[in-house]
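# Coordinates in review
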Amino acid sequence: MTEIRPDEALAQAYDGITALVDGLDDARLQRATRCQGWLVADLLLHVLGDAQRALVALASPVDGPADVDDVSYWRGFPGGDDQAARHAWWVRRSASAFDRPTGIVRLWEETAPAAVRAAASADPEGYVTTQGHVLRVPDFLATLTTEAVVHHLDLTPELSDAPPPGPTAVRIAVSTMDGLLSDDAVRPAGWDDQEFLLKATGRIPLTDRDRVELGEAAGWFPLLG
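Residues numbered from 1 in each chain as written. Predicted model: local features only at pLDDT ≥ 70, side-chain atom pairs only at ≥ 80, totals over all residues. Heavy atoms only, no water.

### Digging into the nonpolar core
Among the nonpolar cores identified, the biggest contains 69 residues, and Tyr14, Leu58, Trp108 and Phe140 are the most heavily contacted of them. No other element matches the 11 residues that helix α2 (residues 40-58) contributes to this core. (Core = buried A, V, L, I, M, F, W, Y, C linked by side-chain atoms within 4.5 Å. Buried < 20%, exposed > 50% of the residue type's maximum accessible area, 1.4 Å probe, protein only. Helix = DSSP H or I, 4+ residues; strand = E, 2+ residues; numbered from the N terminus.)

See below:
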């Protein structure tokens, strides 16, 4: 299997979101997503925050060593806690401050390519700090890619013609979920990558058959909130 360049995976992930939202009018940007209470515009603003965070982190390298990698980073972000609820409320209020939802799309289309260029220029042997952790640059880019792919899927329920996330970016996200699942468990053979990502993040529930196939590992779901 060809080795994935982390900056190229991030580029594909962000390009996928751009392709999804480009051309959406204000009405379609106010459709529901898989994130409870968030409209498409709200969720796009949340992902925009990741691109802005990437620009800051990549422009401010730090000394190592790393204290987390691209998998263990996520174990510090359980779903459903009070901090996540406060962030969701902040995003919704911030998105509503734009004169029109399409303003968020314009800002995304300016910021995401800049973050991708910064990723391509970053030292792959270097370290950055974000969210209170130190990561190797490739691991940091993988966390951004994983989040972008999951949220790409979140954006699509009421956008029937939306393009899927790119395969290289999906491979990074799936690798993250495999890491969170651990070596002691194997995902059901009938799951494709999209179903795995949606079930691993709690977007759709496990079926009774899933629970039988997963055994004890079913209790670990969702792997990422």
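### Points about the pattern of salt bridges
As enumerated under the stated definition, the model contains 11 salt bridges in all. Here arginine 100 and aspartate 26 are joined by a salt bridge, their closest N and O atoms 2.6 Å apart. Within this pair, whereas arginine 100 is found in the loop between α3 (82-96) and α4 (102-121), its partner aspartate 26 is found in the loop between α1 (6-21) and α2, the two being separated by 74 residues in sequence. Note that lysine 199 is salt-bridged to glutamate 195, the shortest N-O span being 2.7 Å. With lysine 199 and glutamate 195 both in helix α7 (residues 193-200) and four residues apart, this pair spans about one turn of that helix. Linked through salt bridges whose partners overlap, the residues forming this network are Arg5, Asp7 and Glu8. (Salt bridge = Lys/Arg side-chain N within 4 Å of Asp/Glu carboxyl O.)

### What about the side chain of lysine 199?
Look at lysine 199 and you get buried, because its relative accessible area is 6%. Once residues within four sequence positions are removed from consideration, lysine 199 is found in contact with Trp191, Ile204, Pro205, Leu206, Thr207, Asp210, Phe221 and Pro222. (Contact = heavy atoms within 4.5 Å.)

### What about the pairing of strand β2 (residues 133-136)?
Note: strand β1 (residues 127-130) against β2, four bridges, orientation antiparallel. Considered in β2, the bridge of threonine 130 is made with histidine 133. Linking two consecutive strands that pair antiparallel, namely β1 and β2, is a turn of two residues; a positive phi of about 50 degrees is found at glutamine 131 within it. (Pairing = 2+ DSSP bridges.)

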